[in-house]
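The residues making up each chain are set out below.
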Amino acid sequence: MQRRFIALSVIAVLAIVGLFGFNAVAQANFKVGITIQSLENSYWAGVFGEVEQIMKEKGWEYTILDCNDNSAVQIQQIENFITSGVDLIMVHPSDPYAIEDYTRQAREAGIKVMCWDDKMENTDLNWILENTELGYAIGKLAADFINVHYDANNKAKVAIMNYPQTPILLERENGILKALEEIAGGKYTIVARQPAIDAASALSNMETILQAHPDVRVVCSIGAGGDIGANVAFMSATGGNIPANMGIFSADATEQQLEAIKNGEASRASVGFEGSNKKTAQAVVSLYERLLNGEVFPEQNLVRPLLAIDASNVDEYLADYK
């Protein structure tokens, strides 16, 4: 009878483990280190707030660090992750070439490495955008707008909010310029280019642009920061009465950008990716999990989709934030 009781007890324990899964237990032990360029950027702050929540719910250990776009700081962060024995490192590089040797060391230590945005060599997976293509999509939105509201005798005055010190963002800017020239050539003049990685600096730089060129009506931005800052500047300059020929075109499609589009502010359209911060966070954590569980991807470079969001479809994507 005692042996029968023990056997039944073992079966019961196995049934419980089967119900909840060994994988859930294993997941609690995953340890992830993340280093990104900047949390001052609205896009990154929004996405990684959601990433943190998802990893917390999974019971993972995690560290999310901001290198302030400084390669030396980022290298130290990667070295610390290696020393602490993380299972996965995700890098959003300040300079991908500067950290290649350190991501190689991580992989040699048995750590999975994922890169967000750059086609690095020493990684298990690069989650990338084709940044020239993304820039072209932004530029096309702006060019189509220029073609509606301007002509060769009444050229649009255009400002570019850029960040050329980061190679992928320079690619993005070049894509914007290419689309403007190919689609709206002869109907615009670029009067200013200013860096804008975050909304605060973008606002200050846009105010400077408007002091020198008060007739600027169109802005193309490589990301959310330039869009949000320029929108605040335009709203202030016009008292909130945005004319039909004024528009900002950008990437990232954060909640703040989408709210501005819905409200008829200067932000007219933004190119997004998965649809919302939450969906992007779910997508990237899913990739972490697949790598941590040993999946080998058929291609090292996994390209993200592009999604243009404007007044015609903004409600659909804003619903993701509710």
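For the structure itself, look to the data block above.
For every chain, the first residue of its written sequence is number 1, and the numbers climb from 1 along that sequence. Reporting in this predicted model follows two pLDDT cut-offs: at least 70 for local features of residues, and 80 or more for side-chain atom pairs to be given and counted; totals over whole chains, interfaces and linings ignore these cut-offs and use all residues. Only hydrogens and water are set aside when side-chain values are computed; all heavy atoms of the structure are taken into account.

Caption draft 1: The arrangement of the overall build of the protein in detail. Numbering goes from the N terminus for both helices and strands, where a helix is a DSSP run of H or I of at least four residues and a strand is a run of E of at least two. The helix and strand inventory of the protein stands at twelve helices and twelve strands. For the C-alpha atoms alone, the extent of the protein along its principal axes is close to 95 × 40 × 30 Å. Relative to its full complement of 322 residues, the protein shows a buried share of 48%. Every accessible area reported is derived by Shrake-Rupley at a probe size of 1.4 Å, with residue values counting cover from the shown protein chains alone. About 14,500 Å² of surface is accessible on the protein, with carbon and sulfur atoms providing 51% of the total. Any residue under 20% of the maximum accessible area for its type is buried, any over 50% is exposed, and the rest in between are partly exposed; the area is computed with a 1.4 Å probe on protein chains only.

Caption draft 2: Representation of the pairing of strand β7 (residues 188-195) in the model. The pairing criterion for strands is at least two bridges between them, as found by DSSP. The sheet contact formed by strand β6 (residues 156-162) and β7 spans seven bridges and is parallel. Note that in β7 the partner of A159 across the bridge is A192. For the crossover from β6 across helix α7 (residues 167-184) to β7, the handedness is right-handed. With its strands directed away from the observer, a crossover is right-handed exactly when the path from the first strand over the helix to the second travels clockwise.

Caption draft 3: Summary view of the nonpolar core. For this analysis, a nonpolar core means a set of buried residues of the types Ala, Val, Leu, Ile, Met, Phe, Trp, Tyr and Cys, connected via side-chain atoms within 4.5 Å. In terms of nonpolar packing, the biggest core is built from 58 residues, with F48, V51, M90 and Y288 touching the most fellow members. What F48 contacts, discounting residues up to four positions off in sequence, is I34, I36, L39, I64, M90, W116 and Y288. Of all hydrophobic cores here, the second largest spans 17 residues; its members include V219, A233, F234 and I248. Note on contacts: a residue pair is in contact if any heavy atoms of the two residues lie within 4.5 Å.

Caption draft 4: Representation of the pattern of salt bridges in the model. In what follows, salt bridge is the name for a side-chain nitrogen of Lys or Arg lying within 4 Å of a carboxyl oxygen of Asp or Glu. Under the definition given, this model contains twelve salt bridges. Between E289 and K58 there is a salt bridge, with the nearest N and O atoms lying 3.1 Å from each other. Of the two residues, E289 sits in helix α11 (residues 277-292) while K58 sits in helix α3 (residues 42-58), which places them 231 residues apart along the sequence. Here E289 falls in the buried class, since its relative accessible area comes to 16%. One network of salt bridges, with partners in common, ties together D101, R104 and E108.

Caption draft 5: Looking closely at the pairing of strand β4 (residues 112-116). Along β4, four of the five residues are buried, which leaves the element largely enclosed by surrounding structure. In this structure, strand β3 (residues 88-91) lies alongside β4, joined through four bridges in parallel fashion. Note on β4: the bridge partner recorded for V91 is C115. A crossover connection joins β3 to the parallel β4 through helix α5 (residues 96-108); in handedness this β-α-β unit is right-handed.

Caption draft 6: Spatial organisation of α11. In this model, α11 (16 residues) spans 22 Å end to end at C-alpha, consistent with the 22 Å of a helix rising 1.5 Å per residue. The positive-phi residue at the C-terminal boundary of α11 is G294, with phi of around 95°. The span you would expect from a helix comes to 1.5 Å times its residue count less one.

Caption draft 7: Structural detail: the sheet that holds strand β8 (residues 218-221). If you walk across this open sheet you meet the six strands as β7-β6-β8-β9-β10-β12, and the pairing is mixed. Each end of this open sheet is capped by a strand with a single partner; those strands are β7 and β12 (307-310). Each adjacent strand pair in this sheet contributes to an overall mean axis angle of 15°, direction not counted. Examined bridge by bridge, strand β10 (residues 267-272) and β12 share four bridges and lie antiparallel to one another. Following the sheet pairing, G272 is matched in β12 by L307. Interaxial angle, 0 to 180 degrees, is taken between N-to-C directions of lines fitted to C-alpha atoms, where a helix line uses only the stretch in contact. Across the face of the sheet, helix α6 (residues 131-149) comes into contact with β6, β7, β8, β9 (247-251), β10 and β12 while running at roughly 165° to β9.

Caption draft 8: Spotlight on the side chain of E173. Along the chain, the position of E173 falls in helix α7. A relative accessible area of 3% means that E173 is categorised as buried. Excluding anything up to four places from it in sequence, E173 contacts I160, N162, P164, R193 and I222.

Caption draft 9: Structural context of the sheet that holds β4. Spatial strand order, β2-β1-β3-β4-β5-β11: six strands in an open sheet with parallel pairing. One side of each edge strand has no neighbouring strand; the edge strands of this open sheet are β2 (61-66) and β11 (301-303). The mean angle between the axes of side-by-side strands here comes to 15°, regardless of whether they run parallel or antiparallel. Across four bridges, the pairing between strand β1 (residues 31-36) and β3 is parallel. Paired with V32 across the strands is L88, a residue of β3. Along the sheet, helix α4 (residues 71-84) makes contact with β1, β2 and β3, crossing β1 at roughly 175°.

In short, geometric facts, not functional conclusions.
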